[in-house]
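Given next are the chains, with one letter for each unit.
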Amino acid sequence: MFTRRSCVRARVGCEDLARARVCREDLARARVGHEEIVRVRVGREDLALARVCRADLARARVGHEEIVRARVGREDLTRACVGHDVLMLVVRTWHVLALIARIGHVLALVTKIWHVLALVTTYSC
């Protein structure tokens, strides 16, 4: 039969069981809270990594643009050098033609002097 002591023990046991259940619930909540904190930390780290990746990508784009500009600059410089070479070739050709024209003028002058001398010698005799 149940006595007062057994009832008290049963009540104490029920209270202990209730406390154990509360402790289990608190522990479960703590675990869930810890997991959420870990998820938040992981999310923050992922966000930080994404920002770093974006910054690296932006730097890579800037570097690529600089490489493209350097290549274009080299091509422009090469074209300028080729244009300069062509210009120098034209100038040299022009100088050669001018020299030939001067030689022609000198020959024409010598021919005229020769004709004058021939006329003088012809009429002097």
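What comes next concerns the included structure. (Residues numbered from 1 in each chain as written. Predicted model: local features only at pLDDT ≥ 70, side-chain atom pairs only at ≥ 80, totals over all residues. Heavy atoms only, no water.)

**Regarding the overall build of the chain**
Link 1 in the chain: Each helix and strand in the chain was counted, giving one helix and zero strands.
Link 2 in the chain: Against the 2.2 N^0.38 benchmark of 14 Å for 125 residues, the chain shows a C-alpha radius of gyration of 53 Å, more extended than a compact globule.
Link 3 in the chain: Once the C-alpha set of the chain is aligned to its principal axes, its extents read approximately 180 × 10 × 5 Å.
Link 4 in the chain: Taken across its 125 residues, the chain has 0% of its residues classed as buried.
Link 5 in the chain: Split by element, the accessible area of the chain, about 12200 Å² in all, is 65% carbon and sulfur.
Link 6 in the chain: The positive charge centre, built from 23 side chains, and the negative charge centre, built from 14, are 2 Å apart in the chain. (Helix = DSSP H or I, 4+ residues; strand = E, 2+ residues; numbered from the N terminus. Rg over C-alpha atoms; globule rule 2.2 N^0.38 Å. Buried < 20%, exposed > 50% of the residue type's maximum accessible area, 1.4 Å probe, protein only. Areas by Shrake-Rupley, 256 points an atom, 1.4 Å probe, with all protein chains shown as cover. Lys, Arg positive; Asp, Glu negative; His and termini not counted. Charge placed at Lys NZ, Arg CZ, Asp CG, Glu CD.)

**Focus on a nonpolar patch on the surface**
Link 1 in the chain: Taken together, the side chains of Trp94, Val96, Leu97 and Ile100 make up a nonpolar region of the molecular surface, amounting to roughly 450 Å² of accessible area.
Link 2 in the chain: Position of Ile100 relative to the elements: it lies in helix H1 (residues 4-124). (Patch = residues over 30% accessible without salt bridge, like charges linked within 9 Å, V, L, I, M, F, W, Y side chains within 5 Å. Salt bridge = Lys/Arg side-chain N within 4 Å of Asp/Glu carboxyl O.)

**Re the pattern of salt bridges**
Link 1 in the chain: Under the criterion given, the structure shown has four salt bridges.
Link 2 in the chain: Between Arg59 and Asp56 there is a salt bridge whose closest N-O contact spans 3.8 Å. Pair noted here: Arg59 and Asp56 are both in helix H1, with a separation of three residues, about one helical turn.
Link 3 in the chain: Classification of Arg59 by relative accessible area gives exposed; the value is 62%.

**Some points on the environment of Leu27**
Link 1 in the chain: Note on placement: Leu27 falls in helix H1.
Link 2 in the chain: Assessed through its relative accessible area of 44%, Leu27 is described here as partly exposed.
Link 3 in the chain: Residues Leu27 and Arg9 lie 18 residues apart in sequence; the distance between their C-alpha atoms is 26 Å.

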